[in-house]
Number of protein chains: 2
Amino acid sequence: MMTTEKEYIAYINKALSEIPYPAEPSGLYRPIAYTLDCGGKRIRPMLMLAVVEALGRDKGVAINQAVGLEMFHNFTLLHDDVMDRAEMRRGNPTVHVKWNESTAILSGDAMLTMASQFMMKGCGEKLADVLSLFNKTAMEIYEGQQYDMDFESRGDVTASEYIEMIRLKTSVLLGCACRMGALIAGASHTVQEAFYDYGMYLGLAFQLQDDWLDTYGDPAKFGKNIGGDILNDKKTLLLITALNRADSEQKARLTSLFGTRSDSKIVEVMKIYESLDVESECRERINDYSAKAIACLDKTGLSGDDLNFFINIARQSLTRKS
Amino acid sequence: MMTTEKEYIAYINKALSEIPYPAEPSGLYRPIAYTLDCGGKRIRPMLMLAVVEALGRDKGVAINQAVGLEMFHNFTLLHDDVMDRAEMRRGNPTVHVKWNESTAILSGDAMLTMASQFMMKGCGEKLADVLSLFNKTAMEIYEGQQYDMDFESRGDVTASEYIEMIRLKTSVLLGCACRMGALIAGASHTVQEAFYDYGMYLGLAFQLQDDWLDTYGDPAKFGKNIGGDILNDKKTLLLITALNRADSEQKARLTSLFGTRSDSKIVEVMKIYESLDVESECRERINDYSAKAIACLDKTGLSGDDLNFFINIARQSLTRKS
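Residues numbered from 1 in each chain as written. Chains lettered and ligands numbered in written order. Predicted model: local features only at pLDDT ≥ 70, side-chain atom pairs only at ≥ 80, totals over all residues. Heavy atoms only, no water.

A. The arrangement of the overall build of chain A in detail. Per the secondary structure count, chain A includes 16 helices and two strands. The C-alpha radius of gyration of chain A comes to 20 Å, within 12% of the 20 Å expected for a compact globule of 322 residues. Each of the three principal axes of chain A carries a C-alpha extent, and together these read 60 × 50 × 35 Å. Buried residues in chain A amount to 57% of all 322 residues. (Helix = DSSP H or I, 4+ residues; strand = E, 2+ residues; numbered from the N terminus. Rg over C-alpha atoms; globule rule 2.2 N^0.38 Å. Buried < 20%, exposed > 50% of the residue type's maximum accessible area, 1.4 Å probe, protein only.)

Written out as structure tokens, the structure is:
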């Protein structure tokens, strides 16, 4: 019997809840427990453990690395929320709001070091490979965040620049999760790379679906307000495509709305998107990346239920509502 | 011939200047080069390399770890400056002033990961020991910074709490530097611990000398204004000792000055310090920790010039003016 997604999540949440934090200084450790307790899809550690099991090993052999990767992911969210001045995350106040900014910075730093500590546990002779993959991925994610911030003040971001930014900021961590599972399970270099590419394409599909949901999602299911990206003039693939396809009048209208914040702005921008068939461009890309992810599975040697597990995850990325 | 302090500093600065940063995104990497180019005593990497050489190995075997430790140290300064809202560091504007706060947070994060990457280079079979020491030390430093922030809002900090705070925030990194040098040089566990304790006591003497200089130093030599700690009501050993020894009238006067900022405050607090003989308590502690550091050298097996190098550093900590 394959482990189900629900079972993976429960297994990961149990491991996260059992992290033995020192009691003092509580101002450092309580915000870390709070951040990790706030939920989340646990998609990265789940992918890592599922790869380990699909390759015939017990999921327990990578649980420390899975915890480390989730710790790292939540560290990036914590610091991103400070940089973006985000006040809520998954329905709860962010750390810099609930405590203060210094706490958010310092607890985040501690999470990055703790992530490294978890990465090291039980790696044996694979220690150098595991840490090299982890550190390289971390650097790419900082680069992605930097590009994301750089794009805020640029009006000429291209679609391929945007895809490269989300590849760095989001997708490489899913690639890293899958590859690390294969690495720890003792898979060949080729299989490791196939899993990396699977995770990376899955990550692109995931992020574009997130962008799509931000504009076209059901607010009741999505869990946050619709239109945030439009209000913030975020250079998503939707906006970039619209600016590319717009005639001079539409372009002037879009540009004139930058910097404004109203519900009517969302409605007006969405009308322009509709007239330019922007949504279908975004949906095509999502389909394309999901298909590419599934194609990568050919080189992993998986079959049957194991193969289907990963195919299903890629297919779900096309239809998920939250 | 022993390598001199000047030669170590030049050797370390050369290695730091040759770090191959990617060209893009420049918003991420330029602040890192700027931070590392701002000078500093390079005491931590120097200690590490000096231990390596004193134990008969070439300093080159630990240069990556020395660079990693200096990178880590500068990361902590970068993030501390954001938390403390410090505008200047070593005569230059801090990163969050010269760029912005998001840049300071993200570049700092990247420095922590890059520090880990340097730590890993050329460690061979000592990788796990080097990284465990590094990560454990990092966690202690975050704890020290948290206690330092906690103490700001407390009026009852004891001398031993203060010493424990500076041990964590400052001293363990000097202990780590010395121990890592011994570890990489292949020294025994006993010798490693002796060097750790040497660095740790040296770090305590160093920090207390810093505190002393902040009140009693020569501004022309110290490089920053005198009395900053007094103006900021910093719970240093000087203030804690004064509060312990003060009669009710002096205590009321000291407490009433908290939260005020004027040159006359500095003069008045220093008069109270003088009447209570607070300075000599601080000087005694510095002498004591410097002597303890030197005593630790007994167990290292060093002799002659090698021994004298480390004795001199501990003695200098008593008399340095900047």
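There is more to say, and it comes next.
B. View of unusual backbone geometry. Residues and elements named next belong to chain A. Look at the link from Glu24 to Pro25: it is a cis peptide, with omega at -5 degrees. Along the chain, Pro25 turns up in the loop between helix H1 (5–17) and helix H2 (26–36). Look at Asp277: it is not a glycine, yet its phi comes out positive at around 60 degrees. Locating Asp277 in the fold gives a position in the loop between helix H14 (263–275) and helix H15 (278–296). Given a relative accessible area of 46%, Asp277 falls into the partly exposed group.

C. The arrangement of the packing of helix H2 (residues 26–36) of chain B against helix H4 (residues 63–84) of chain B in detail. Residue and element names in this part refer to chain B. Viewed as axis vectors pointing N to C, H2 and H4 meet at an angle of 105 degrees, and their least axial separation amounts to 10 Å. Comparing their axes, H4 and H2 come out roughly perpendicular. Only Glu70, Met71, Asn74 and Leu78 of H4 make contact with H2, whose side of the interface consists of Ile32, Thr35 and Leu36. Tallied by class, the residues present in the contact of H2 with H4 amount to four nonpolar, two polar and one charged. (Axes fitted to C-alpha atoms, helices over the stretch in contact; angles between N-to-C directions. Parallel < 35°, antiparallel > 145°, perpendicular 65-115°, else oblique. Contact = heavy atoms within 4.5 Å. Nonpolar A, V, L, I, M, F, W, Y, C, P; charged D, E, K, R; others polar.)

D. Region of the structure containing the pattern of salt bridges. For the structure on display, the rule yields 37 salt bridges over all chains. Here Lys14 of chain B makes a salt bridge to Glu18 of chain B, at a shortest N to O gap of 2.9 Å. Each of Asp80, Asp148, Lys169 and Lys234 of chain A takes part in one network of salt bridges that share partners. (Salt bridge = Lys/Arg side-chain N within 4 Å of Asp/Glu carboxyl O.)

E. View of the environment of Tyr34 of chain A. Tracing the chain through its elements places Tyr34 of chain A in helix H2. Considered as a pair, Tyr34 of chain A and Thr94 of chain A are 60 residues apart in the sequence and their alpha carbons are 9.5 Å apart.

F. How the structure looks around the environment of Arg283 of chain B. All names here are of chain B. Residue position: Arg283 is located in helix H15 (residues 278–296). In this structure Arg283 comes out as buried when scored by relative accessible area, which is 17%. Spatially, the C-alpha atom of Arg283 lies 9.4 Å from that of Ala205, the residues being 78 residues apart in sequence. Arg283 has contacts with Gln209, Trp212 and Leu318, leaving out every residue within four places of it along the chain. Within the local environment of Arg283, its side chain forms a polar contact with the side chain of Gln209, the two groups lying 2.9 Å apart. (Polar contact = N/O pair within 3.5 Å; in protein donor to acceptor, adjacent residues only side chain to side chain.)

G. The interface of chain A and chain B, seen in detail. Contact residues are listed per partner, giving 38 residues for chain A and 38 residues for chain B. Of the roughly 3,300 Å² buried between chain A and chain B on both sides combined, carbon and sulfur atoms contribute 67%. Contact with chain B buries area across many residues of chain A, yet Leu106, Met139 and Gln146 of chain A alone supply 17% of it, more than any other trio. Linking chain A to chain B there are two salt bridges. With a closest N to O distance of 3.9 Å, Glu101 of chain A and Arg85 of chain B form a salt bridge. The interface formed by chain A and chain B holds six residue pairs in polar contact (both at pLDDT 80 or more) in total. (Buried area = accessible area lost by both parts, 1.4 Å probe.)

H. Seen up close, the relation of the copies chain A and chain B. With an RMSD of 0.0 Å, the fit of chain A onto chain B corresponds to turning through 180 degrees and sliding 0.0 Å along the axis. Accordingly, the operation relating the two chain copies is best matched by a two-fold axis. A high fraction, 100%, of the interface residues of chain A reappear at the interface in chain B, so the copies pair face to face through one surface. (Least-squares fit on C-alpha atoms with pLDDT ≥ 70 in both.)

I. Examining the environment of Met139 of chain B more closely. Inspection of the secondary structure puts Met139 of chain B in helix H7 (residues 127–152). Here the alpha-carbon distance between Met139 of chain B and Lys169 of chain B, two residues 30 residues apart in the chain, equals 9.7 Å. Those residues within four positions of Met139 of chain B in sequence are excluded, and the remaining contacts are Tyr29, Ala110, Thr113, Met114 and Gln117 of chain A.

J. Representation of the side chain of Arg42 of chain A in the model. Residue and element names in this part refer to chain A. By secondary structure assignment, the location of Arg42 is in the loop between H2 and helix H3 (43–54). In this structure the side chain of Arg42 is engaged in a polar contact, spanning 2.7 Å, whose partner is the backbone oxygen of Leu36. Among residues more than four places away in sequence, those in contact with Arg42 are Ile9, Ile12, Asn13, Leu16, Leu36, Glu70 and Asn74.

K. Main features of the packing of aromatic side chains. Residues and elements named next belong to chain A. Inspection of the entire model under this criterion finds 24 aromatic pairs over all chains. In this structure an aromatic cluster arises from ring pairing among Tyr8, Phe195, Tyr198, Phe309 and Phe310. Arg283 extends its terminal NZ or CZ atom over the ring of Trp212, reaching a point 4.6 Å from the ring centre. (Phe/Tyr/Trp six-rings, centres within 6.5 Å; stacked < 30°, edge-to-face > 60°. Lys NZ or Arg CZ within 6 Å of the ring centre and 35° of its normal.)

L. Spatial organisation of the state of the cysteines. Residues and elements named next belong to chain A. Tallied over the entire structure, the rule returns zero disulfides over all chains. Of all cysteine sulfurs in the structure, the one in Cys178 sits closest to Cys176, which takes part in no disulfide; the separation is 9.2 Å. Exposure remark for Cys176: the relative accessible area of 0% places this residue in the buried category. (Disulfide = S-S within 2.5 Å.)

M. Main features of the packing of H3 of chain A against helix H8 (residues 159–184) of chain A. Residue and element names in this part refer to chain A. Between H3 and H8, the least distance of the axes is 7 Å, while the angle of their chain directions is 25 degrees. What the angle tells us is that H3 and H8 run roughly parallel. Remark: the crossing between H3 and H8 carries right-handed chirality. Two secondary-structure elements touch here, H3 through Ile43, Arg44, Leu47, Met48, Val51 and Val52 and H8 through Leu173, Leu174, Ala177, Cys178, Met180, Gly181 and Ala182. Here the contact of H3 with H8 is built from residues that sort into eleven nonpolar, one polar and one charged. (Left-handed = near helix turned anticlockwise from the far one by under 90°.)

N. Inspection of helix H8 (residues 159–184) of chain B at higher detail. All names here are of chain B. The end-to-end C-alpha distance of H8 is 35 Å, a good match for the 38 Å that 26 residues give at a rise of 1.5 Å each. Of all the bends in H8, the greatest, near 50 degrees, is centred on Ser171. Gly186 occupies a position one or two residues after H8 and carries a positive phi of about 85 degrees. (Expected span 1.5 Å × (residues − 1). Bend = angle between axes of the 7 residues up to and from the residue.)

O. Broad picture of the confidence of the model for chain A. For chain A, per-residue confidence averages 96 on the pLDDT scale, and residues scoring 70 or more make up 100% of the total. Quick note on the complex model: pTM equals 0.97, ipTM equals 0.97. (pLDDT = per-residue confidence, 0-100.)

P. Molecular detail of the side chain of Thr300 of chain A. Residues and elements named next belong to chain A. You can see Thr300 is positioned in the loop between H15 and helix H16 (304–319). A polar contact of 2.5 Å, which involves the side chain of Thr300, links it to the backbone oxygen of Leu297. Look past the residues within four positions of Thr300 in its chain and what remains in contact with it is Val191, Ala194 and Phe195.

Q. View of the nonpolar core. Within the largest apolar cluster, 229 residues are counted, with the highest numbers of intra-cluster contacts made by Tyr198 and Phe310 of chain A together with Tyr198 and Phe310 of chain B. Setting aside chain neighbours within four positions, we find Phe310 of chain B in contact with Leu47, Ala50, Val51, Ala54, Phe195, Tyr198, Leu297 and Leu302 of chain B. (Core = buried A, V, L, I, M, F, W, Y, C linked by side-chain atoms within 4.5 Å.)

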